[in-house]
Every structure is written in C-alpha cells, then in structure tokens.
Amino acid sequence: MLTGYWWAYMPVLLFLATLEGWATYVRQKYLLSLKWVLLEVKPPPDVEKSPKIAENIFSGLHGVYAKPVTWKKRFFSGMVQNWFSFEIVGNGGEINFYIRTQEDLRNLVEAQVFAQYPDAEIKVVDDYVDSLPRYLPTQEYDLFGAELIFTKENAYPIKTYPFFEEESGKGEFKRTDPLSPLAEAMSAIEPGEHLWLQLLIRPTGGEWAKEAQSVVDKLVGKEPKIERGALGATVDFIDSFLPGGAAAEEKKEKKEEFSQMRLTPGQKFVLEQVENKMAKLAFKAGYRFLYIARKELFRRYRVPTVIGMFKQLYSNNLNTFKPNGDVGTSADGWFPWLFPSHRGFFADQQELKRKWHIYQAYKKRAFVRKVVVLNTEELATLFHLPGIGVKAPAFPRVEAKKGQPPVGLPTR
C-alpha cells in the first residue's frame, strides 16, 4: 500500500539524504584543511616525579576548549572540536613517544610538556606510519587491531597512578609505574614487529555531568528523576498543597528512606572515586592499538600482553577497559552457529575489511565513534614519561641534560 504513495514520502527521504551528504561534505572539507605536526618526545634521563605532573599537561591542553561547537558551525563549516593524539609506539624493540597536534597548537603542546619535563627533548619528525605499506594487510604483513571501551558508565573511574604508590616512610613513596609492563612488552618485540598505541582526546565541558550525576544518585539510593510534561508538573504542584496529597506523602516517604540509608565502606569508596572523577577536567577519549608484523613473525600472544596492561587498571567496583567488538579485527562471518569452528560464511572477507578500516583510522588519527570520558588523572596514568624505575632495555632517554647559557654572555 505504501508503494502507491511513494511520491509523498520520497521528497522527505531525498531531503534527509541531502542533509546527510552535505554534513559529510563540509566535515571532510574542514578536516582536510587542518595542518598537523607529529612531535617526538624523548624522556629526560632522571624522571623521579610521580605521573601526577603529567596531569598538568592535560589540564593545560584543556584550555583549547571554550564551549561546545555550535550546530551552525558544524552544519555550515563542518567544524569539530580540536583533538590531540598521544601515542606510544614500539617498532622492532625501540620505544618512542609521540604527540600529534594541529600546527597552530604546537607551541601550546611544547610549552605544557617543557613546563613539567624541562629536560625532555621535543622535535618534529616524519610520520612513522609511512614506514609501512599504505594499505594493510598485504601478502607480507598481517595485523590485529582493537578499540577499547569501558565496561561501566563513564562516571566510574579506572584505577589510577595513586593506587600504584606505596608510602615507604618519612613522607617518601615507592612507585610502581603503570607503563612498566607495556615498556617490557615493547622491548621484547623483534625487527619486523610493530606495536602501536593511540590515545585520542578532545576536551569536554560539563555535558557529561548529567550522566555522572545519575550514577551518583544511584549510589546514594536516590530514584532517577522523571521528566514530567507541563500537565503533569501542574498536577503535582497542586497535589503538593493538599493535606493528604499523594505527592506530599511520596516526598515524605522518600526523604525518610534516604535518611535511614547507610552506605557500606565499599559503597563509600566507589562514591568517593566517582565524585573525584567528576571534580577534575575531563576529555572525550578513545584508545586504539595495533599489532603489525611480517607474517612469518606474527605472534598472536603479543596482544594479551597489551590487554594485560589495561587489566592492571581494574579495581573491584570501578571501571576498566575491554575491546569494542564492533570495531575489532575478528569476525565470525554469517551464520557461524552452523559450523563447529564458529566461523561462518565470508568470515575471511569480513576480517580483511575490518583490518583495512582500523588501519586507515589509525593512520588518519580519526576519532573513535564510541567515546569514553577520562579526566586528567586517568589520562596521566595512561600517558606520561616513565620514571627511572622503568628499566626496559630499548627505552630511549635524553643522553645528557641541557644547560642554559650564562647571563651576560657576549653576542659578538
């Protein structure tokens, strides 16, 4: 019957398709207009401070955020919120730290890094992804890739660096660097193997506070607020003035229930951690990693070593990471339940397509579709310049400290 009225709904469909096409066009045009630089950051020889100092780097970068991009700028100019890419890269046993940023934000990034690591070395380098074929996989190379998402709501934090610090007496702390397992894993890979980790971040304001507040309300036993229409709000308002009104009784009952609630120590701990996360500057983020190797060197067991680093960030009742099954390179194909191997029709073709997409997304530093929210403390845990306690053999550091020229040095 609907086919007889195609002329009525076809213009609407065409209009919506045109809007989507226009939005895609202007967004791609805007993205292509951006100029990027890749900065290599070499750690100083003696980082003795806690990863806490890296928090100040991310707090400083949050300064590029003023307010959300308006729909007019998105629709007419294709503008999106600025973002950065923090990358830890292992190529054949050599480990490097990179920050990819827009060219006009380079000075801001360098100033924030030097402010916390004055003896670090920063230089513009060619993109390391260009050392591999333009498209993967090929007959020579294979890859595994994944994007990581949270297991719980964004309001729940991950286990952060303070949990890795133990007081050893007299105000001193013994620190275990959260990046130590990753550094050891990257040092163990051989020439022809590549392990790349990419942390994409863009600052956000209080847009996510409503979601976080709902988690807090749930933890303290408050019922979620129900949005009422104008008619419902009017009825509730009148009912609240009546002596035996249902709204008044319900309000009194809820107040009594809340006053009698007692949180367990575990519940108090979780509540404190959630509120601590809400109190700090936040970023929308995505984590992507790739393991690439020549087919004769491809070792699948390298992947669990990376996942293991994220497992150490798990704490009971808090958050942790897991692979996003919608983006990973593994595929079951169609009707996998028909086969003992659980690999259905066209599984190989699906895996090939997934590998191609995630490799291209990594090269372009394309922002992930399913974001997580990380505050500055969580970001400092995931990306910082490791201290002297990290003894990975292939870990590069600045060989000597740089000194300032003496004051009054003649220029002629």
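Residues numbered from 1 in each chain as written. Predicted model: local features only at pLDDT ≥ 70, side-chain atom pairs only at ≥ 80, totals over all residues. Heavy atoms only, no water.

Visitor: Mind laying out the overall build of the protein chain, listing which residues take part and the relevant values?
Guide: Broken down by element type, the protein chain carries 12 helices and 11 strands. Counting the 412 residues in the protein chain, one finds 43% classified as buried. Here the contacts in the protein chain between residues at least 6 apart in sequence split such that 82% fall between residues at least 24 apart. Carbon and sulfur atoms provide 57% of the accessible area of the protein chain, an area that totals close to 24,000 Å². (Helix = DSSP H or I, 4+ residues; strand = E, 2+ residues; numbered from the N terminus. Buried < 20%, exposed > 50% of the residue type's maximum accessible area, 1.4 Å probe, protein only. Contact = heavy atoms within 4.5 Å. Areas by Shrake-Rupley, 256 points an atom, 1.4 Å probe, with all protein chains shown as cover.)

Visitor: Pulling in residues and values, what's your account of the nonpolar core?
Guide: Leu-199 and Phe-310 are the most contacted members of the largest nonpolar core, which totals 56 residues. Among the elements that take part in this core, strand β9 (residues 282-294) stands out by supplying 6 residues, more than any other. Look past the residues within four positions of Phe-310 in its chain and what remains in contact with it is Leu-148, Leu-197, Tyr-287, Thr-320, Phe-321 and Leu-382. Listed in part, the 16 residues of the second largest apolar core include Tyr-128, Leu-136, Leu-143 and Trp-196. (Core = buried A, V, L, I, M, F, W, Y, C linked by side-chain atoms within 4.5 Å.)

Visitor: Outline helix α6 (residues 209-219), supporting the account with residue identities and numerical values.
Guide: In an α-helix, one full turn covers 3.6 residues, which means residues spaced three or four apart are oriented alike. Within α6, the full set of buried residues consists of Ala-212, Val-215, Val-216, Asp-217 and Leu-219. Where α6 is buried, its residues meet α9 (265-279). Gly-221, located one to two residues past α6, shows a positive phi value of around 90 degrees.

Visitor: How would you summarise empty space enclosed by the protein if you had to cite specific residues and measurements?
Guide: Tallied over the entire structure, the rule returns 4 cavities of 30 Å³ or more. Val-41, Ala-54, Ile-57, Phe-58, Phe-86, Ile-99, Val-113, Tyr-117, Phe-383, His-384 and Leu-385 are the residues that line the largest cavity. Top contributing element to the lining of the largest cavity by residue count: helix α2 (residues 52-61), with 3 residues. Here the residues of the lining of the largest cavity sort into 10 nonpolar, 1 polar and no charged. (1 Å grid on protein atoms, 1.4 Å probe; cavity = no way out; pocket = protein on both sides within 12 Å on 5 of 7 lines; lining within 4 Å. Points joined across faces, edges and corners; volume = space filled by probe spheres on them. Nonpolar A, V, L, I, M, F, W, Y, C, P; charged D, E, K, R; others polar.)

Visitor: Provide a residue-level description of the pairing of strand β3 (residues 94-102), including the pertinent values.
Guide: In terms of residue burial, β3 counts as a mostly covered element, since 8 of its 9 residues are buried. Alignment of strand β1 (residues 36-42) against β3, held across 6 bridges, turns out to be antiparallel. Pairing of Trp-36 across the sheet is with Gln-102, part of β3. Pairing of strand β2 (residues 84-91) with β3, which is carried by 7 bridges, proceeds in the antiparallel orientation. Directly across from Gly-90, in β3, lies its bridge partner Ile-95. Linkage of β2 to β3, two consecutive antiparallel strands, is achieved through a turn of 2 residues, within which Gly-92 is found at a positive phi near 60 degrees. (Pairing = 2+ DSSP bridges.)

Visitor: Lay out the layout of surface pockets with the relevant residues and their values.
Guide: When its volume is computed, the largest pocket comes out at roughly 1,900 Å³. Considering the residues around the largest pocket, the lining is formed by 50 residues, among which Gln-28, Leu-31, Ala-366, Phe-367 and Val-368 are closest to the centre. Looking at the lining of the largest pocket, the elements that each hand over two or more residues are α1 (6-33), α3 (71-77), β8 (193-204), β9 and α11 (347-364). Sort the elements by how many residues they give to the lining of the largest pocket and α11 lands first, with 9 residues.

Visitor: Give me the packing of aromatic side chains: which residues, what numbers.
Guide: Throughout the structure, instances matching the rule amount to 19 aromatic pairs. Look at Tyr-135 and Trp-356: their rings are 6.1 Å apart centre to centre, the planes differ by 10 degrees, and that puts the pair in the stacked class. Here Tyr-135, found in the loop between β4 (121-124) and β5 (141-150), pairs with Trp-356, found in helix α11; they are 221 residues apart in sequence, far enough to count as distant. These aromatic residues form a ring-pair network of at least three members: Phe-58, Phe-86, Phe-97, Phe-283 and Phe-383. Stacked on the ring of Phe-164, the Lys or Arg Lys-159 has its end atom at 5.2 Å from the ring centre. Over the ring of Phe-367 we find Arg-202, and its NZ or CZ is 4.2 Å from the ring centre. (Phe/Tyr/Trp six-rings, centres within 6.5 Å; stacked < 30°, edge-to-face > 60°. Lys NZ or Arg CZ within 6 Å of the ring centre and 35° of its normal.)

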